Amino acid sequence: MVMIAPSILSADFTRLGDEIRKAEEAGADMIHIDVMDGHFVPNISIGQEVVKGIRKATRLPFDVHLMIEDPDRYLSDFVDAGADIITVHLEATPHLHRTVQWIRESGKKAGVSINPATPVWSLENIISEADLVLVMSVNPGFGGQGFIPQSIDKIRTLKRMVSERGLDTMIEVDGGIKISNAREVADAGADILVMGSAFFNSEDYSEVVRRFRVENQA
Ligand code: DX5
Ligand code: ZN
């Protein structure tokens, strides 16, 4: 079953706890949290203290997407804050293998993300170590951007890489996902779809999840 991970970057920050509870009630599978440092990406968003605060709002897994330089410095903070999946960018850290191992040794799931211009083959020597690969289908930094169509081919290539190696690495796709393109992205090989603006800018979160499930039925 394809999973839906609402990204709280597009939630109403004046009532973040309620927004997360509503996403859980609507049937979301996990909560996607975008952490941005103003260096690796041009925007600044949520830090570890906020993650710790909202941890009390839900039992859903926290899928923490670190769009920050030198993520090693903050890994233990996000573990302590209650992250379940910690994803770092391949482009943001020179010793990715060590970073991924550290995350796994801390008992959390480790994700590796690639930007739109980063080829799938650059994952070759890390994919067997990662629990998840996050394919960015927009340039990271902002919600509400359009899906980059070439991402479909990347997802297919990645899916082939995972299958050929007999791995169970999950494939997550982030950026520009809507009900109208969810099926195509899932069919290309995605296991988890992040949905920011299309989820939180809608009137009825339950209806989004319901349509997502209908759309992705076999
Ligand atoms: C972009 C973030 C995304 C973003 C997705 O840098 O990583 O998670 O919130 O938002 P939408 O779904 O609006 O493209
Ligand atoms: Zn994200």
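As a reminder, the structure under discussion sits directly above these lines.
Read on for an overview of the structure. (Residues numbered from 1 in each chain as written. Chains lettered and ligands numbered in written order. Predicted model: local features only at pLDDT ≥ 70, side-chain atom pairs only at ≥ 80, totals over all residues. Heavy atoms only, no water.)

Observations regarding the site of ligand 1
Defined as follows: Any residue with a non-hydrogen atom lying within 4 Å of a molecule or strand is treated as near it. Any pair of N or O atoms that falls within 3.5 Å is considered a polar contact. Within protein, one atom must be able to donate a hydrogen and the other to accept it, and sequence-neighbouring residues count only if both atoms are side-chain atoms. Using a 1.4 Å probe, the Shrake-Rupley method yields the accessible areas, and only the shown protein chains count as cover for residues. Segments assigned H or I by DSSP are reported as helices when at least four residues long, segments assigned E as strands when at least two residues long, and all are numbered from the N terminus. Charged residues are taken to be Asp, Glu, Lys and Arg, nonpolar residues to be Ala, Val, Leu, Ile, Met, Phe, Trp, Tyr, Cys and Pro, and polar residues to be all remaining types, Gly included.
Residues in close proximity to ligand 1 total 20 residues, the closest being Asp34, Gly141, Gly144, Asp174 and Ser197. For ligand 1, an oxygen atom lies 2.7 Å from a polar atom in the side chain of Asp34. In isolation ligand 1 exposes 380 Å². Once the protein is present, 99% of that is buried. At the level of secondary structure, the elements contributing two or more residues to the shell around ligand 1 comprise strand E2 (31-36), strand E3 (62-67) and strand E8 (192-195). The dominant element in the shell around ligand 1, judged by the number of residues it contributes, is E2, at three residues. The class makeup of the residues in the shell around ligand 1 is eight nonpolar, 10 polar and two charged.

Brief notes about the packing of aromatic side chains
Put simply, the rule reads: By convention, a stacked pair of Phe, Tyr or Trp rings (six-membered ring in the case of Trp) has centres within 6.5 Å and planes under 30 degrees apart, an edge-to-face pair has planes over 60 apart, and any other such pair is tilted. With a 1.4 Å probe rolled over the protein chains alone, any residue whose accessible area is under 20% of its type maximum counts as buried; one over 50% counts as exposed, and the rest are partly exposed.
By the definition in use, this model includes three aromatic pairs. Note on Phe199 and Phe200: the rings are 4.9 Å apart at their centroids and 70° apart in plane angle, and the pair reads as edge-to-face. Residue Phe199 is classed as buried on the basis of its relative accessible area of 0%. For Phe200, a relative accessible area of 6% corresponds to the buried category. Ring centres 5.3 Å apart and planes at 80° place the aromatic pair Phe200 and Tyr205 in the edge-to-face group.

Describing the coordination of the zinc ion (ligand 2)
How we decide: A 2.8 Å cut-off from the metal defines N, O and S donors, relaxed to 3.2 Å for Na, K and Ca; water is not in the atom list, so some sites may appear incomplete. Any coordination sphere not matching a tetrahedral pattern (four donors, all angles between 85 and 135 degrees) or a square planar or octahedral pattern (four or six donors, opposite donors over 155 degrees apart, other angles between 65 and 115) is reported as irregular.
Note on the zinc ion (ligand 2): its protein donors are His32 (NE2), Asp34 (OD), His65 (ND1) and Asp174 (OD). The metal-donor distances range over 2.0 to 2.3 Å. Angles of 68 to 168° at the metal separate the six donor atoms of the zinc ion (ligand 2), which places the site in the octahedral class. Mapped onto the polypeptide sequence, the residues donating to the zinc ion (ligand 2) form the spacing pattern H-x1-D-x30-H-x108-D. A residue pair is termed long-range when its members are at least 10 positions apart, and Asp34 in strand E2 and Asp174 in strand E7 (residues 170-174) qualify at 140 residues. Each member of the pair Asp34 and Asp174 is classed as buried.

Brief notes about the packing of helix H6 (residues 179-188) against helix H8 (residues 205-215)
Note the cut-off: Axis lines are fitted to C-alpha atoms, over the contacting stretch for helices. Their N-to-C directions set the angle, which ranges from 0 to 180 degrees. Orientation labels follow simple angle bins: below 35 degrees gives roughly parallel, above 145 gives roughly antiparallel, 65 to 115 gives roughly perpendicular, and whatever is left gives oblique. In this scheme the handedness of a crossing depends on how the near helix is turned from the far one: anticlockwise by less than a right angle means left-handed, clockwise means right-handed. Between two residues, a contact is recorded if the distance between any of their heavy atoms is within 4.5 Å.
Where H6 meets H8, the closest approach of the two axes is 9 Å, and the angle between their N-to-C directions is 40°. Judged on the interaxial angle alone, H8 and H6 are oblique. When you trace H6 past H8, the crossing you get is right-handed. Contacts between H6 and H8 pair Ile179, Ala182 and Arg183 from the former with Val208, Arg211, Phe212 and Glu215 from the latter. Its residues placed into classes, the contact of H6 with H8 shows four nonpolar, no polar and three charged.

Describing the pairing of strand E5 (residues 109-114)
Quick reminder of the rule: Between any two strands, pairing holds if DSSP finds at least two bridges. Seen with its strands pointing away from the viewer, a crossover is right-handed if its path from the first strand over the helix to the second goes clockwise.
E5 sits mainly inside the fold: five of its six residues count as buried. The sheet contact formed by strand E4 (residues 85-89) and E5 spans five bridges and is parallel. Of the residues in E5, the one forming a bridge with His89 is Ser113. With respect to chirality, the unit in which E4 leads through helix H4 (residues 96-105) into the neighbouring parallel E5 is right-handed.

What about the packing of helix H5 (residues 151-164) against H6?
Between H5 and H6, the shortest axis-to-axis distance is 8 Å and the interhelical angle comes to 30°. The angle between H5 and H6 places the two elements in the roughly parallel class. Touching Ile152, Ile155, Arg156 and Lys159 of H5 are Glu184, Val185 and Ala188, all from H6. Counted by class, the contact of H5 with H6 contains four nonpolar, no polar and three charged residues.

Examining the nonpolar core
Heads up, the condition is: Here, nonpolar core means buried Ala, Val, Leu, Ile, Met, Phe, Trp, Tyr and Cys residues that are tied together by side-chain atoms lying within 4.5 Å of each other.
Counting 65 residues, the largest nonpolar core has Ile8, Ile33 and Val173 as its most contacted members. Within the second largest apolar cluster, seven residues are counted, among which are Ala5, Ile85, Leu132 and Ile192.

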